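One-letter residues, chain by chain:
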Number of protein chains: 4
Amino acid sequence: MIVVMKKGSSPEAVQRMVGRIEAMGLKAHVIIGTERTVVAAIGEKRDGERETLESCEEVEKVVPILAPYKVASLEAKREPTVVEALDLKIGGGAIGVIAGPCSVESEEQILASARQVRAAGAKGLRGGAFKPRTSPYAFQGLKEEGLKLLAAARDATGLAIVTEVMTPHHVELVCEYADVLQIGARNMQNYHLLQAVGETDKIVLLKRGPSATMEEFLLAAEYILDQGNQRVVLCERGVRTFETHTRFTLPLASVPYLQERTHLPIVVDPSHGTGIASLVPPMCAASIAAGADGLIVEVHPDPSRAMSDGAQSLTPDAFSQAMEQCRKVAAALGRTM
Amino acid sequence: MIVVMKKGSSPEAVQRMVGRIEAMGLKAHVIIGTERTVVAAIGEKRDGERETLESCEEVEKVVPILAPYKVASLEAKREPTVVEALDLKIGGGAIGVIAGPCSVESEEQILASARQVRAAGAKGLRGGAFKPRTSPYAFQGLKEEGLKLLAAARDATGLAIVTEVMTPHHVELVCEYADVLQIGARNMQNYHLLQAVGETDKIVLLKRGPSATMEEFLLAAEYILDQGNQRVVLCERGVRTFETHTRFTLPLASVPYLQERTHLPIVVDPSHGTGIASLVPPMCAASIAAGADGLIVEVHPDPSRAMSDGAQSLTPDAFSQAMEQCRKVAAALGRTM
Amino acid sequence: MIVVMKKGSSPEAVQRMVGRIEAMGLKAHVIIGTERTVVAAIGEKRDGERETLESCEEVEKVVPILAPYKVASLEAKREPTVVEALDLKIGGGAIGVIAGPCSVESEEQILASARQVRAAGAKGLRGGAFKPRTSPYAFQGLKEEGLKLLAAARDATGLAIVTEVMTPHHVELVCEYADVLQIGARNMQNYHLLQAVGETDKIVLLKRGPSATMEEFLLAAEYILDQGNQRVVLCERGVRTFETHTRFTLPLASVPYLQERTHLPIVVDPSHGTGIASLVPPMCAASIAAGADGLIVEVHPDPSRAMSDGAQSLTPDAFSQAMEQCRKVAAALGRTM
Amino acid sequence: MIVVMKKGSSPEAVQRMVGRIEAMGLKAHVIIGTERTVVAAIGEKRDGERETLESCEEVEKVVPILAPYKVASLEAKREPTVVEALDLKIGGGAIGVIAGPCSVESEEQILASARQVRAAGAKGLRGGAFKPRTSPYAFQGLKEEGLKLLAAARDATGLAIVTEVMTPHHVELVCEYADVLQIGARNMQNYHLLQAVGETDKIVLLKRGPSATMEEFLLAAEYILDQGNQRVVLCERGVRTFETHTRFTLPLASVPYLQERTHLPIVVDPSHGTGIASLVPPMCAASIAAGADGLIVEVHPDPSRAMSDGAQSLTPDAFSQAMEQCRKVAAALGRTM
């Protein structure tokens, strides 16, 4: 249920409501909007609850949430969620661009990448320090050393750091260095990991699993939201289909579809979504035209020497041109990047 | 092989080359470009052929075609193919928009549709007279009566008529009324039908089958080209995947992917590609941003009363707004609609 | 609706019922069972029809058909359909095996194949004379010459001939030579072709399209049944998925799923379903264990020299061993082959 | 590389070889076969290594492993791996059956289930104590209390306990109670979890992810093997495709395909693979016919009251009949259950 508080309800009134909801054995999520505050009451439904809450003085109305994802739904919160870290702003009309190499490889590489993507307009720096790799024998990332290099790149450029965390017991360590915690596609339904990042106050970039339905995707986000962390960004990165000419199939219709159902911002990853560098720029522009709240793009100073994902990484020049096109499309549609 | 003729080769020289190629047991396709003429020689490869042809006086060079699709490949023809019928122009930078109802239902309905989509900027009118329907008990179209109504709509509005032909023995009849023959997704590999439309001089709009690979799609086009009809337009209309929240999954990356391999124009059908009217406008804009040469969109004067595909049909107003957005995106990217 | 006639209704009574149904503007399909006769009345539902028919003296009851496929449904006919041609018998407990090369290549090849598969227990001979090929430049079959060789193989061995027909205007020709008309997977929704074979009295083997749902598959069968031909065999031959280690993904659960919904027999094609010869024998045995009414298997005297589908063709020896395993599984489950 | 030791090499000689391999910076896996012992040397390849090892006295030969999965490959070990826990034996011709409810719900439910599946021939008891659920609001299992009930069921019946572990920090706890650790489909690429169970001495049942390729599946197994735990069982449980009439699409061809590449046993889960109870028995029989080394089947004393997966759970009676059919198929093919 959504308990809509009357306009101008005091923080104390909201806290009293939380107490009442918890006394009923339900979980309370306070969602503060610009217009009014609502409290989502989540849990097993019992007779009479709604009437009881509705009768409280400071309550305007109580409405059920029909979607299986509760806190993520537009029913719970109509205003778009906006997340910010340093200059990176995603959601609510703002288009945030995150770019950088697949993996952090060396100080030189990550600093060069950071400067190049910053110059082209990115506000976030991606780079993997802990790398989930299909083979146990492939390069697994520089680990904590990689995190330190990312932090140095932030110091040098002011970019917000976006990096993956793979397992609950790394969350604390990654939080020391990162501004945005990335949950990779393979871990979209690693529920203990979702809960662990849900307990932090970091922005979480949640990648869609390659065969996840929209409902499974939103319910994975709900695992994070349910722990109290409301700064979740959804990332469409392509799905696995019979198509083999691209690495994955990138279904951009998921952007407007999700926007009709959730207040969470949605970014697109055309690098994994296609796997082919030459297809990335047109798909960046198409993502913006489809209404995406941001992009996450693989860029490497020298893709041919990348330790991972070279085939889908843009050169800094190609990225710069792609950003230019995106800015034009955004401007044409009345948005800014 | 591609036999590239010297600049300024006379038509007689080209005809002599055709004769030589045919004498070798190969099929010759003359492809006239703005810069020079090439003759594609298709057939089983034998030793010495290339050298023999290369030694002819009017030949500049002979190069092999590596792609399995020959006449469709960029190797055979680097300049984009442009097709035109009345005011409808698709390819070579020109963005052509085709719109209208799923089925022709009545004179009133098709004339209203035609006027409305024309006003919004469409240059082609779609409308099914012969309808392939999953169930034998569903409405199968008005058949020849529907064709006549389409022709009347063309007379009234100047729109080029795009309508489906389902079987070889209807080709002649449909050609009497239509400007563009549509091959539906279910018939993408109906090879006798492809050959039959390949023998006409009409533009053919070839829809991608819902589980066709890019190579199968281009080879289906090749069946048409191989009969001598070079006015083929490819149409991406979505593929069948595990996703069920949309009717099909619309992979826009196929637009730039195809453009790297073929000179044929590529249009997108976001109506079938999503199956949900509210998702069509953002996907129209995204298609243009991805580089599509055109759109084919379902529009109905009153979608709630449509005899087929109502859920994915735009109202005339929604279509008009979508076109406005598309024009802005096209202009931003230096293209015109 | 299904009009269930009283036990022992005379042919005249059945004919009177057909007349009544047609007078209502409905289509009548007489389905003669061993126990009783029913008449399926197909068409737009109107008030009062059921009551009118139910009041006829020779009628036991009238029941609606809920499935979208009518004549194909178990509601219309509970007894399994059994088809027979020469010694080939499929359905109703009988397991029929069809085997032979992908394409008819020469008299020697098809006669050798026929003798070998007959010796191993097959009762039908497959072999393509008209070949639908992805590329217009690939071998398209021996055409009528191939049909004649098939007929000669029937004369020599007594095997029933199963061969593909690709387009309506070939139906008459193929009927002259074949016992079973095969509709290929690419043509599962080529509705004019389905109607054309529905007008013949030949058994039709309808292959599932690689992305067809069960409902689309049964509705394609319904197109044939609706023309009056009730001798339809469904063929599961694998679907297109993200899996690339096999040519297609073979979902054997479709066998019992279909058997819960239709009286039509279901055969499995493990050759196309896997695309790899070594996987064919275990999938033959698995098909029988899953309850299939038959198999269609590619066998070639010398797979390494096959003009098409060599990788998935069994040698005669391998086929013979596979049949031996299948007979054991069938016997264990109380069935015979 | 695989270092094949001479017949009759002493344990000391094997240990010396391990030392040599590790001194080269490679990882050594000792694989003891009935005929001879091999040592797999895994790591970055450098010149001269192979020659150096081959020159050792106790070495018969050194061969490269071409497959990307090394220890899992048939190249590393030709003999099938057999795993055993109590009476449960899987692999090497032995067919092991695991059955039981989706979730442990109560002492009464799990004990009844255990007795019923034991009576029908199962040797392992499945039951979820920690449940990965799509929604954070769904029943998440009885947790440690569930593990205790499972252990009690083992005490009462002698069945080996198979239960899921979801996150690395639960591994120790689950190991206290379980005989077989299950890695669920959602966690197939949760690499830290794979490594954690790889450090135990328990049998690991690794479920295939719903969009995992065969190579990804085997490489996930390799993560476990690489930690030294060689008791891994692969489980095919269906993949996600466009098919919606079943919960997943169950591709039984993966059984023989995997058996051509790995020595690890393969079991099939027809309950998740179909999602429909009536389809489970025929798919059990088909799995055995396809060569599976075992089955894992959901059985519930009263499926209509199950807290999860009721639609796909067999009643004890249906399971008992299904086992009877499986035994007949196994016997027909010369195998025992």
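These notes cover the structure that comes with them.

Calculation criteria
- Here the residue index of a chain counts from 1 through its sequence in written order.
- The order in which chains are written sets their letters, starting at A; the order in which ligands are written sets their numbers, starting at 1.
- Residue-level local features of this predicted model are given only where pLDDT is at least 70; pairs of side-chain atoms are given and counted only at 80 or more, and the full residue set underlies all totals for whole chains, interfaces and linings.
- Values shown for side chains rest on all heavy atoms present in the structure; no hydrogens or waters enter the calculation.
- Note on conventions: DSSP H or I runs of at least 4 residues are helices, E runs of at least 2 residues are strands, and numbering of each starts at the N terminus.
- Accessibility here uses a 1.4 Å probe with only protein chains present; expressed as a share of the type maximum, an area under 20% marks a residue as buried, one over 50% as exposed, and anything in between as partly exposed.
- N or O atoms within 3.5 Å of each other form a polar contact, as long as, within protein, one can give a hydrogen and the other can take it, and as long as residues adjacent in sequence are counted only when both atoms are side-chain atoms.
- Salt bridges are identified by distance alone: a Lys or Arg side-chain nitrogen within 4 Å of an Asp or Glu carboxyl oxygen.
- Contacts are assigned to residue pairs that have any heavy atoms within 4.5 Å of one another.
- Alignment of the copies relies on least squares applied to C-alpha atoms, considering only residues that score at least 70 for pLDDT in both.
- The patches described consist of residues with a relative accessible area above 30% and no salt bridge, like charges being joined within 9 Å and nonpolar side chains (Val, Leu, Ile, Met, Phe, Trp, Tyr) within 5 Å.
- All accessible-area figures derive from a Shrake-Rupley calculation using a 1.4 Å probe, and residue coverage is judged against the displayed protein chains alone.
- In this tally Asp and Glu are treated as negative and Lys and Arg as positive; neither His nor the chain ends contributes.
- Here the site of a charge means NZ on Lys, CZ on Arg, CG on Asp, or CD on Glu.
- Accessible area that two parts lose when put together, evaluated with a 1.4 Å probe and summed over both, is termed the buried area.
- Residues are sorted three ways: Asp, Glu, Lys and Arg are charged, Ala, Val, Leu, Ile, Met, Phe, Trp, Tyr, Cys and Pro are nonpolar, and all the rest, Gly among them, are polar.
- What a helix is expected to span follows from its residue count: subtract one and scale by 1.5 Å.
- By arc we mean the arc of the directions from the helix axis to the C-beta atoms, nothing more.
- When DSSP finds two or more bridges between a pair of strands, those strands are recorded as paired.
- For helices, the fitted axis covers only the stretch in contact; all axes are lines through C-alpha atoms, and the angles between them, taken along N-to-C directions, range from 0 to 180 degrees.

### A look at the side chain of B:Thr249
Residues and elements named next belong to chain B.
Right, so step 1: Relative to the assigned elements, Thr249 resides in the loop between β12 (232–236) and α8 (254–259).
Right, so step 2: The exposure class of Thr249 is buried, given its relative accessible area of 1%.
Right, so step 3: Within the structure, Thr249 has its side chain in polar contact with the side chain of Thr241 (distance 2.7 Å).
Right, so step 4: At 2.7 Å, the side chain of Thr249 forms a polar contact with the side chain of Glu243.

### A short note on the pattern of salt bridges
Right, so step 1: One pass over the structure, following the stated rule, counts 56 salt bridges over all chains.
Right, so step 2: In this structure, the salt-bridge partner of A:Glu260 is A:Arg261, at a minimum N-O distance of 3.4 Å.
Right, so step 3: Under the relative-accessibility criterion, A:Glu260 is labelled partly exposed at 36%.
Right, so step 4: Under the relative-accessibility criterion, A:Arg261 is labelled partly exposed at 26%.
Right, so step 5: In this structure, the salt-bridge partner of B:Glu58 is B:Arg16, at a minimum N-O distance of 3.4 Å. You can see B:Glu58 sitting in the loop between α2 (49–54) and β4 (59–63) and its partner B:Arg16 sitting in helix α1 (residues 11–23), a full 42 residues away along the chain.
Right, so step 6: A network of salt bridges, in which partner residues are shared, links A:Arg208, A:Glu236 and B:Glu243.

### A look at the environment of C:Arg247
All names here are of chain C.
Right, so step 1: The topology assignment puts Arg247 in the loop between β12 (232–236) and α8 (254–259).
Right, so step 2: A C-alpha to C-alpha distance of 7.6 Å links Arg247 and Ile276, two positions 29 residues apart in sequence.
Right, so step 3: Contact partners of Arg247, with chain neighbours within four places excluded, come to His272, Thr274, Gly275, Asp309 and Gln312.
Right, so step 4: A polar side-chain atom of Arg247 sits 3.0 Å from a polar atom in the side chain of Asp309.

### Quick word on the relation of the copies chain B and chain C
Right, so step 1: With an RMSD of 0.0 Å, chain B superimposes on chain C once it is rotated by 180° and translated 0.0 Å along the axis. The superposition operator between the copies reduces to a two-fold rotation axis. Closest approach to the rotation axis within chain B is made by the C-alpha atom of B:Ser211, at a distance of 3.0 Å.
Right, so step 2: An overlap of 100% is found between the interface residues of chain B and their copies at the interface of chain C, pointing to a shared contact surface.

### Quick notes on a negative patch on the surface
Residues and elements named next belong to chain A.
Right, so step 1: Taken together, the side chains of Glu107, Glu108, Glu144, Glu145, Glu172 and Glu176 define an acidic patch exposed on the protein surface.
Right, so step 2: Only α3 (107–120), α4 (144–157) and α5 (171–177) provide two or more residues apiece to the negative patch.
Right, so step 3: Position of Glu107 among the secondary structure elements: in helix α3.
Right, so step 4: In this structure Glu107 comes out as partly exposed when scored by relative accessible area, which is 47%.

### Some thoughts on the interface of chain B and chain C
Right, so step 1: Counting residues at the interface gives 31 residues for chain B, matched by 31 residues for chain C.
Right, so step 2: Sorting the residues of chain B by area buried against chain C places B:Tyr137, B:His192 and B:Arg240 first, and these three jointly supply 24% of that buried surface.
Right, so step 3: Scanning the region where chain B abuts chain C turns up two salt bridges.
Right, so step 4: The partner of B:Arg240 in a salt bridge is C:Glu216, with the nearest N and O atoms 2.7 Å apart.
Right, so step 5: Counting across the chain B and chain C interface gives 19 residue pairs in polar contact (both at pLDDT 80 or more).
Right, so step 6: Ranked by residues supplied to the side of chain B that touches chain C, first place goes to helix α7 (residues 214–225) of chain B with four residues.
Right, so step 7: In the side of chain B that touches chain C, the residues fall into 13 nonpolar, eleven polar and seven charged.

### Quick word on α1(B)
Residue and element names in this part refer to chain B.
Right, so step 1: Compared with an ideal rise of 1.5 Å per residue, which puts 13 residues at 18 Å, α1 spans 18 Å between its outermost C-alpha atoms and is within 8% of the ideal.
Right, so step 2: Taken together, the buried positions of α1 are occupied by Ala13, Val14, Met17, Val18 and Ile21. Each buried residue of α1 lies within a common arc of 145° when the element is viewed along its axis, so the set occupies one face.
Right, so step 3: Against β1 (2–5), β2 (27–32), β3 (37–42), α2 and β4 lie the buried residues of α1.
Right, so step 4: Two residues or fewer past α1, Gly25 is found with a positive phi of approximately 85°.

### Regarding the sheet that holds β1(B)
Residue and element names in this part refer to chain B.
Right, so step 1: Taken together, the four strands give an open sheet; going across it, the order is β2-β3-β1-β4, and neighbouring strands pair in antiparallel fashion. Of all strands in the sheet, those bounded by a partner on one side alone are β2 and β4. Across the sheet, the mean angle separating the axes of adjacent strands is 20° when strand polarity is ignored.
Right, so step 2: Both β1 and β3 contribute to a ladder of three bridges, which runs antiparallel. Bridge pairing in β3 links Val3 to Val39.

### Points about unusual backbone geometry
Right, so step 1: Of note in the backbone geometry, C:Lys143 takes a positive phi value of approximately 55° without being a glycine.
Right, so step 2: Relative to the elements of secondary structure, C:Lys143 occurs in the loop between β8 (124–126) and α4 (144–157).
Right, so step 3: A relative accessible area of 38% means that C:Lys143 is categorised as partly exposed.
Right, so step 4: Backbone geometry at D:Asp309 places phi at a positive 60°, although glycine is not the residue there.
Right, so step 5: Relative to the elements of secondary structure, D:Asp309 occurs in the loop between β14 (294–298) and α11 (316–332).
Right, so step 6: Taking the relative accessible area as the measure of exposure, D:Asp309 reaches 18% and is therefore buried.

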